Amino acid sequence: MNKQEITTTQNNDQAYQEYYERKRIAMVMEENNNSRIIAIPSLNKNAKDEWLKLGGNSAYFYKYFVAPRLNKKPPTIHQDTDLNHRFKSGIIAVHWKDAFIKNMKSLKLEPIEESGLLIFQLNHKYTKAEIKKLHAKENAASEKINQLLKPKITIPELYNQFLILAQTLPNKIRKLDIFYRQFYGAQMNNILIKLFENYIELSEGGDKDKIKQHLILYINHLNAILIILNENHALDNSTVERLGTLMVDIRNSITRNLK
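Residues numbered from 1 in each chain as written. Predicted model: local features only at pLDDT ≥ 70, side-chain atom pairs only at ≥ 80, totals over all residues. Heavy atoms only, no water.

On to the nonpolar core. If you look at the biggest cluster of nonpolar residues, it comprises 32 residues, and the most contacted ones within it are Leu-158, Leu-165, Met-188, Leu-215, Leu-222, Leu-229 and Ile-250. Secondary structure elements with two or more residues in this core: α5 (156-174), α6 (178-203), α7 (208-231) and α8 (237-257). Among the elements that make up this core, the one with the highest residue count is α6 (eight residues). Apart from residues no more than four positions distant in its own chain, Leu-158 is found in contact with Tyr-199, Leu-215, Ile-250, Ser-253 and Ile-254. If you look at the next biggest cluster of nonpolar residues, it comprises 26 residues, including Tyr-60, Val-66, Met-104 and Leu-107. (Core = buried A, V, L, I, M, F, W, Y, C linked by side-chain atoms within 4.5 Å. Buried < 20%, exposed > 50% of the residue type's maximum accessible area, 1.4 Å probe, protein only. Helix = DSSP H or I, 4+ residues; strand = E, 2+ residues; numbered from the N terminus. Contact = heavy atoms within 4.5 Å.)

Here we take up the environment of Ile-216. Assignment of secondary structure puts Ile-216 in helix α7. On a C-alpha basis, the gap between Ile-216 and Leu-195 in space is 9.5 Å, while along the polypeptide they are 21 residues apart. When neighbours within four sequence positions are excluded, Ile-216 is seen to be in contact with Arg-251 and Ile-254.

Turning to the packing of aromatic side chains, a few remarks are in order. As enumerated under the stated definition, the model contains 13 aromatic pairs in all. A centroid spacing of 6.3 Å and a plane angle of 40° characterise the contact between Tyr-16 and Tyr-20, whose relative ring orientation is tilted. Residue Tyr-16 and its partner Tyr-20 are both found in helix α1 (residues 3-30); the two are separated by four residues, about one turn of the helix. The residues Tyr-16 and Tyr-20 share a single accessibility class, namely buried. (Phe/Tyr/Trp six-rings, centres within 6.5 Å; stacked < 30°, edge-to-face > 60°.)

Bringing the sheet that holds strand β1 (residues 36-41) into the picture now. One open sheet accounts for five strands, arranged β3-β2-β1-β5-β4; its pairing is antiparallel. With partners counted over all chains shown, the strands left at the sheet margins are β3 (91-95) and β4 (111-114), one partner each. Between one strand axis and the next, the sheet turns through 30° on average, direction left out of account. Here β1 runs beside strand β5 (residues 117-121); their pairing, made up of four bridges, is antiparallel. Residue pairing across strands places Ile-38 opposite Ile-119, the latter belonging to β5. Lying over the sheet, helix α3 (residues 97-106) contacts β1, β2 (51-55), β3, β4 and β5, oriented at roughly 15° with respect to β5. (Pairing = 2+ DSSP bridges. Axes fitted to C-alpha atoms, helices over the stretch in contact; angles between N-to-C directions.)

Once that is clear, we can look at the pairing of β2. Counting buried positions along β2 gives five out of five residues, so the element sits mostly inside the fold. Judged by which residues are buried, β2 turns out to be covered on both faces: Trp-51, Lys-53 and Gly-55 on one side and Leu-52 and Leu-54 on the other are all buried. One ladder, built from three bridges, connects β1 with β2; its direction is antiparallel. In the sheet register, Pro-41 faces β2, and the bridge partner there is Leu-52.

Our next topic: the confidence of the model for the chain. For the chain, per-residue confidence averages 88 on the pLDDT scale, and 90% of positions sit at 70 or higher. When mean pLDDT is taken per element in the chain, β5 scores highest with 97 and α1 scores lowest with 77. (pLDDT = per-residue confidence, 0-100.)

Direction vectors running N to C along α6 and α7 enclose 160°, while the axes themselves pass 10 Å from each other. If you check the angle between α6 and α7, you find them roughly antiparallel. Considering how the two elements wind past one another, α6 and α7 form a crossing that is left-handed. Across the interface between the two elements, Tyr-180, Tyr-184, Gln-187, Met-188, Ile-191, Lys-194, Leu-195, Asn-198, Glu-201 and Leu-202 from α6 touch Lys-208, Ile-211, His-214, Leu-215, Tyr-218, Ile-219, His-221, Leu-222, Ile-225, Leu-226, Ile-228 and Leu-229 from α7. Grouping the amino acids of the contact of α6 with α7 by side-chain chemistry returns 15 nonpolar, four polar and three charged. (Parallel < 35°, antiparallel > 145°, perpendicular 65-115°, else oblique. Left-handed = near helix turned anticlockwise from the far one by under 90°. Nonpolar A, V, L, I, M, F, W, Y, C, P; charged D, E, K, R; others polar.)

What follows is the structure, given as structure tokens:
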């Protein structure tokens, strides 16, 4: 590794440390949040301030109260796939920070910067009962959607790991440089589809030994691509660690559950 690569790696590590510290602070604030939207500036390889994340009660307040006032389709609360400091109730990823701030200002919600976060004070303090109803509403909506799509869950551990991979991988593919995205992106997306196809086949009573072989083959293929991308510094260290850990967990889950 040359001097420039070492400097780039150090800068990336520092950026992630700062990001996770912002997120840690936001999670502490969310514990008693009843009247604010707390936005966390996220990381993007090509545009530092392009993305924001909303977690905890901020995500619920934005989805159910703020977005409708902006005449926007209610955003989806996704599982938080960060390596550290995960919101158990999920997060909303907001694209285009400047547009988000402009929209919030149109509702007379001015941002205040605090500890690297953007904080918008709402005009209402929600009670514990109101917040509890929001959580119940979100859980009911998510369960209804899941029941329409998901196969019979024969191995919950493995299915949940595939879901995390599905929530993480496409976003990372999108952020790759164009050469790597064009050459490897379609392969990785196809592997993701094949993993779910085999799981669905398994849930419908397919040949367990055959499916196990297929799953291991696809995970090894994905692992090989990630090794190549990592050796060419196409992925940041946090992403490599997150996906590498997930590969190990999935492989162990397959081996443990498909005997």
